[in-house]
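Spelled out, the chains give:
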Amino acid sequence: MSTKTTLKGIAEHLNLSISTVSKALADSPEISEATKLLVKTAARQLKYRPNAMARGLKSSRTNTLGVVIPNIMHNFFAKVIVGMEEEATKNGYSLVTCISNESLEKEKQSLNMLSDVSVDAIIISLTSETQESNAIEHLNDVLHYDIPLVMFDRANTDVACDSVVINDFSGAFEATSYLYKTGCKNVALLSTLSNTSVGNKRLAGYQAAVSKEEGAVPKVLYTKLATLEQDLGTFLDKNEIDALITTDESSAIYAMNTIRTKGLEVPNDVSVIGFTDGTLARNYFPSVTTVKQQAEIMGKKAIEIALKNINAKEKEAPKQEVIETELVIRNSTRKL
């Protein structure tokens, strides 16, 4: 591996002082245009790249933001990153993105790495393992070292930092209520997000809507994508339902496939609603009615909050921004 060129190396190559080289690369008015051209040409030839961390030691900024997401395969998180990237770029920042793969240990490692490379702030959506165990020591460590921390989507209110979340309760309540309005009588919930903040809020919204319907009884299936079709097949054998709400987009697609294998039609026999309004939902047949989570808006808002905290002269009390959902009606549900 080749040795990385330093300011000292350029200075020795040109027989100039390190200070002169540094000022020339920074376009200082103290240095002549001829010397600037000489230094910049040599820097390019020697493949010199400025050290962001070294610059940060002087300016206390690296203009980078760390992002930790639990699942890159989930369309929702991909859309969040798109929103973050747009807002960060607009403000002169770059993103360093880590994927925790729903692992608490990987989440800890990601936070340590981002802290070590001196990002200006960290934005994180917690893993299901973190939320289930209520582990927060590693999150408080970030705050201890005065690194601004912002949580999005999956947040823990026991950690004293800002957060931005979706109104999951309202989204599930509206979706469930809509199904009853279309004439459905037995509405079930399929959740792949048990023991997460978003899963619990969606469950609560579903239960609240069911409780308003005379004679209606909640029917809830907790499962994982890997076993969803088998678990749902068994659930359908034991329970008579005419509508199903799933807590994510992929679950809605899997559920519709399983419903068909039972000789049932969507939406004539069973209406289906999923969370997250992605490409799959729009292009599947029939197209899926969804609870749109405004993922890109959430991403932009998380960056906006992080930058506000970076530039704040004094710390403020933690705040939580709540983004409202939108029910997008398509062909997997009966019409009003």
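Please refer to the structure higher up on the page.
To keep things clear, this report deals only with the structure shown in the data block. Since we're looking at a predicted model, the values are computed, not measured.

Definitions and limits used
Residues numbered from 1 in each chain as written. Predicted model: local features only at pLDDT ≥ 70, side-chain atom pairs only at ≥ 80, totals over all residues. Heavy atoms only, no water. Phe/Tyr/Trp six-rings, centres within 6.5 Å; stacked < 30°, edge-to-face > 60°. Buried < 20%, exposed > 50% of the residue type's maximum accessible area, 1.4 Å probe, protein only. Helix = DSSP H or I, 4+ residues; strand = E, 2+ residues; numbered from the N terminus. Lys NZ or Arg CZ within 6 Å of the ring centre and 35° of its normal. Pairing = 2+ DSSP bridges. Axes fitted to C-alpha atoms, helices over the stretch in contact; angles between N-to-C directions. Contact = heavy atoms within 4.5 Å. Salt bridge = Lys/Arg side-chain N within 4 Å of Asp/Glu carboxyl O. Polar contact = N/O pair within 3.5 Å; in protein donor to acceptor, adjacent residues only side chain to side chain.

### Re the packing of aromatic side chains
Thought 1: Taken as a whole, this structure holds three aromatic pairs when the rule is applied.
Thought 2: With a centroid separation of 5.2 Å and 70 degrees between ring planes, the pair formed by phenylalanine 76 and phenylalanine 77 is classed as edge-to-face. We note that phenylalanine 76, like phenylalanine 77, is buried.
Thought 3: Both rings, one in phenylalanine 169 and one in phenylalanine 173, keep their centres 6.3 Å apart while their planes meet at 15 degrees; by these two values the pair is stacked. Placement of the pair is phenylalanine 169 and phenylalanine 173 together in helix H9 (residues 168-181), with a separation of four residues, close to one helical turn.
Thought 4: Of the residues examined, phenylalanine 173 reaches a relative accessible area of 24% and is grouped as partly exposed.
Thought 5: Following the ring pairs from residue to residue traces out a cluster consisting of Phe76, Phe77 and Phe152.
Thought 6: Note that arginine 202 overlies the ring of phenylalanine 275, its terminal NZ or CZ placed 4.1 Å from the centroid.

### Digging into the sheet that holds strand S5 (residues 162-166)
Thought 1: Strands sit in the order S2-S1-S3-S4-S5-S11 across an open sheet of six strands; the sheet is parallel. The outermost strands of the open sheet, each flanked by one partner alone, are strand S2 (94-99) and strand S11 (320-323). For this sheet, the mean inter-axis angle between neighbouring strands, taken without regard to orientation, is 15 degrees.
Thought 2: As judged from the four bridges shared by S5 and S11, these two strands associate in the parallel manner. Residue pairing across strands places valine 165 opposite valine 322, the latter belonging to S11.
Thought 3: Along the sheet, helix H6 (residues 104-116) makes contact with strand S1 (64-69), S2 and strand S3 (121-124), crossing S2 at roughly 155 degrees.
Thought 4: Where helix H14 (residues 295-311) meets the sheet, it contacts S1, S2, S3, strand S4 (149-152), S5 and S11, and its direction lies at approximately 170 degrees from that of S5.

### Here we look at the sheet that holds strand S8 (residues 243-246)
Thought 1: Strands sit in the order S7-S6-S8-S9-S10-S12 across an open sheet of six strands; the sheet is mixed. At either margin of the open sheet sits one strand with a lone partner, and together these are strand S7 (219-222) and strand S12 (326-328). Put simply, the sheet's adjacent strands are angled 20 degrees from each other on average, direction ignored.
Thought 2: Taken together, the three bridges between strand S9 (residues 271-275) and strand S10 (residues 289-292) define a ladder with parallel strand orientation. Each bridged residue has a counterpart across the sheet, and for isoleucine 273 the counterpart in S10 is threonine 289.

### Focus on the pattern of salt bridges
Thought 1: Scanning the model with the defined rule gives 13 salt bridges in all.
Thought 2: For lysine 90, the salt bridge is made with glutamate 87, and the minimal N-O distance between the two is 3.3 Å. Linking lysine 90 with glutamate 87, this pair stays in helix H5 (residues 75-90), spanning three residues, or about one helical turn.
Thought 3: Classification of lysine 90 by relative accessible area gives exposed; the value is 63%.

### Re the side chain of threonine 333
Thought 1: Note that threonine 333 resides in the segment after S12.
Thought 2: The class for threonine 333 is buried, based on a relative accessible area of 2%.
Thought 3: Here the side chain of threonine 333 touches threonine 289 through a polar contact of 2.8 Å, side chain to side chain.
Thought 4: In this view, threonine 333 contacts Tyr178, Leu179, Pro267, Ser271, Val272, Ile273 and Thr289; residues no more than four positions away in its chain are not counted.

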